[in-house]
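Structural overview for review
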Amino acid sequence: MRAIRKYGVLYAMMLPVVIYFIIYGYYPLARGLQISFQDYKLMGERPYIGFANYAAVWHDPFFWKALGNTVVIGGGILVFGFVAPLVIALSLNEVMTAWFKKTAQMLLYIPHLLSWVVIGGMWIFLLSPDTGIVNLVLHKVAGIEPIHFLAESTWARWVMILVSTWKDMGYSCILFLAAIVSINPSLYEAARMDGATRWQLVRFVTLPQLKGTMKVIILLNTLGVLRIFDQVFVLRNPSTSSHVDVLMMYTFQKGIMEMQVGVGAAASFFVLVFTLILTLAVRTLTRFDEVE
């Protein structure tokens with residue numbers, strides 16, 4: 001009680017945040033768990049049926065197909081979404097012209113602010129086999145016939161991975177640049193006195209100092225690996241759906257389109273459990289809690 005009286009103002013400031021998470025976070029989670037054990041209908045009785053919804057999801061081949069697609073697409077986004085911004089951040093750090101560096105950072109970050117509806121529309125236009133700039137350039141430069149990037153299963157997954165990487169790499173790039181700026185300049189001066197080249201400065205000074213930021217970005221990206229949905233919903237079509245439909249698309253299909261709300265809720269909790277397992281594995285492998 002003494003602590004409450006002493007820090008009462010701080011507790012009062014935290015209260016709206018706690019209420020927000022209870023209403024929009026924990027209550028929907030608890031309600032979804034309840035629904036996953038029910039034969040849920042919008043009207044009428046909603047009897048409890050035990051683990052029947054979970055069994056239906058577990059024995060559904062489309063669920064495992066969606067899981068495979070999620071691992072491939074999400075894994076690609078995880079890898080490219082880590083490597084691409086790191087390379088760009090290291091490259092921009094070598095640029096001495098301030099206005100060019102700031103302009104590049106702004107241009108890289110803008111796609112992150114746009115919704116997937118806008119991004120999807122842009123890339124559908126750019127990748128069009130008839131009037132798309134990408135196909136026009138390929139035809140003019142290399143004589144390649146128009147490619148149906150969004151209608152061929154061979155290309156569909158790559159489109160999802162690369163477009164997702166392009167959209168969000170500006171955010172990770174800013175984090176890397178902020179970490180690079182915070183590195184003690186004396187480390188670079190000492191390395192230069194020992195005759196280190198630019199590549200050696202990057203390899204033996206910059207990269208080791210970025211380990212903490214790397215761990216954070218990897219963990220943040222891992223949390224979203226199994227929850228990708230927007231890009232698939234916007235860019236998918238019937239000809240590629242079997243190769244790009246992911247777990248969240250499966251949940252949407254069952255819970256919203258087919259009105260099997262209980263099955264959709266059960267599928268969402270499978271996603272939650274898989275995400276927890278994956279995150280704990282990555283956290284252990286990266287030794288996230290260890291101080292460098």
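From a predicted model like this one, the values you see are computed outputs, not experimental measurements.

**Side note on the UniProt feature "transmembrane region" (unreviewed entry) in the protein**
Mapped onto this structure's residue numbering, the UniProt feature "transmembrane region" (unreviewed entry) falls at residues 7–27, 71–95, 107–126, 169–191 and 259–282. Between the C-alpha atoms that bound residues 107–126 the distance is 18 Å, and the span itself is 90% helix and 0% strand. Structurally, residues 169–191 is divided into 87% helix and 0% strand, and its ends, taken at the C-alpha atoms, are 30 Å apart.

**Some details on the packing of aromatic side chains**
In the structure shown here, the tally under the stated rule is 21 aromatic pairs. Consider the rings of Tyr20 and Tyr24, whose centres lie 5.2 Å apart with planes at 45°: the pair is tilted. With a gap of four residues between them, Tyr20 and Tyr24 both fall in helix α2 (residues 8–35), about one helical turn apart. With a centroid separation of 5.3 Å and 45° between ring planes, the pair formed by Phe37 and Tyr54 is classed as tilted. Of the two residues, Phe37 is situated in the loop between α2 and α3 (52–58) and Tyr54 in helix α3; the sequence distance between them amounts to 17 residues. Relative accessible area serves as the criterion here: at 21%, Phe37 is assigned to the partly exposed category. Grouped by ring-pair contacts, the aromatic residues Phe37, Phe51, Tyr54, Trp58, Phe63, Trp64, Tyr250, Phe270 and Phe274 constitute a single cluster.

**Structural notes on the nonpolar core**
Grouped together as the largest cluster of nonpolar side chains are 20 residues, with contacts concentrated most on Ile73 and Val159. The element best represented in this core is helix α8 (residues 153–181), accounting for five residues. Once residues within four sequence positions are removed from consideration, Val159 is found in contact with Leu127, Phe149, Leu150, Ser164 and Leu235. Ala89, Leu92, Met214 and Ile217 belong to the second largest nonpolar core, which has 17 residues in total.

**Things to note about the confidence of the model for the protein**
Here the protein shows a mean pLDDT of 88. Residues at 70 or above account for 98%. Within the protein, helix α1 (residues 2–6) has the poorest average pLDDT of any element, 73, and α3 the best, 93.

**Thoughts on helix α10 (residues 198–209)**
For α10, with twelve residues, the first-to-last C-alpha span of 16 Å sits near the 16 Å given by 1.5 Å per residue. Inspection of α10 places Leu201, Val202, Val205 and Thr206 among the buried residues, and these make up the whole buried set. In an axial view of α10, the angular spread of the buried residues amounts to 125°, which keeps them on one side of the axis. Across α10 from its buried face, at more than 90 degrees, point the exposed residues Trp199 and Phe204. Looking at the buried residues of α10, the elements they touch are α4 (61–93), α8 and α9 (185–193).

**With respect to helix α5 (residues 98–113)**
Here α5 contains 16 residues, and its C-alpha end-to-end distance of 23 Å stays within 8% of the 22 Å for a straight helix at 1.5 Å per residue. Each element contacted by the buried residues of α5 is listed here: α4, α6 (116–126) and α8.

**A short note on the side chain of Asp60**
Structurally, the position occupied by Asp60 is in the loop between α3 and α4. Classification of Asp60 by relative accessible area gives buried; the value is 10%. If sequence neighbours within four positions are ignored, Asp60 has contacts with Tyr250 and Lys254.

**Quick word on the UniProt feature "domain: ABC transmembrane type-1" (unreviewed entry) in the protein**
The residues that UniProt annotates with the feature "domain: ABC transmembrane type-1" (unreviewed entry) are residues 67–282. Between the C-alpha atoms that bound residues 67–282 there is a distance of 18 Å. The span itself is 79% helix and 0% strand.

**Observations regarding the packing of helix α11 (residues 211–223) against helix α15 (residues 261–285)**
The N-to-C vectors of α11 and α15 enclose an angle of 165°; their axes lie 9 Å apart at closest approach. The angle between α11 and α15 places the two elements in the roughly antiparallel class. Like other packed secondary-structure pairs, α11 and α15 cross with a definite hand, here right-handed. Note on element contacts: α15 touches α11 through Thr275, Leu278, Thr279, Val282 and Arg283, opposite Ile218, Leu219, Thr222 and Leu223. Across the contact of α11 with α15, the residue classes break down as five nonpolar, three polar and one charged.

What counts and how
- Chains are numbered independently. Their residues run from 1 in the order of the written sequence.
- Local features in this predicted model are restricted to residues whose pLDDT is 70 or higher, and side-chain atom pairs enter the listing and the counts only when it is 80 or higher, whereas totals over whole chains, interfaces and linings include all residues.
- To get the side-chain values, take all heavy atoms of the structure and skip hydrogens and water.
- UniProt positions are given in the numbering used here, feature names are shortened, and annotations may be inferred rather than shown by experiment.
- Here a helix means four or more residues in a row that DSSP labels H or I, a strand means two or more in a row labelled E, and each is numbered from the N terminus.
- Here a pair means two rings of Phe, Tyr or Trp (six-membered ring of Trp) with centres within 6.5 Å. Their orientation is stacked below 30 degrees between planes, edge-to-face above 60, and tilted elsewhere.
- Residue exposure (1.4 Å probe, protein chains only): buried if accessible area is under 20% of the type maximum, exposed if over 50%, otherwise partly exposed.
- The nonpolar core is taken to be a set of buried Ala, Val, Leu, Ile, Met, Phe, Trp, Tyr and Cys residues, with the residues joined through side-chain atoms within 4.5 Å.
- We call two residues in contact when some of their heavy atoms are within 4.5 Å.
- Per-residue confidence from the prediction method is given by pLDDT, with values spanning 0 to 100.
- Given a helix with a known number of residues, its expected span is that number minus one, times 1.5 Å.
- Think of it as the arc spanned by the lines of direction from the helix axis to the C-beta atoms.
- Note on method: axes are straight lines fitted to C-alpha atoms, helices fitted across the in-contact stretch only, with angles between N-to-C directions ranging 0 to 180 degrees.
- Small angles under 35 degrees read as roughly parallel and large ones over 145 as roughly antiparallel, with 65 to 115 read as roughly perpendicular and the rest as oblique.
- Crossing handedness follows the turn of the near helix against the far one: under a right angle anticlockwise gives a left-handed crossing, and clockwise gives a right-handed one.
- The classification used treats Ala, Val, Leu, Ile, Met, Phe, Trp, Tyr, Cys and Pro as nonpolar, Asp, Glu, Lys and Arg as charged, and all other residues, Gly among them, as polar.

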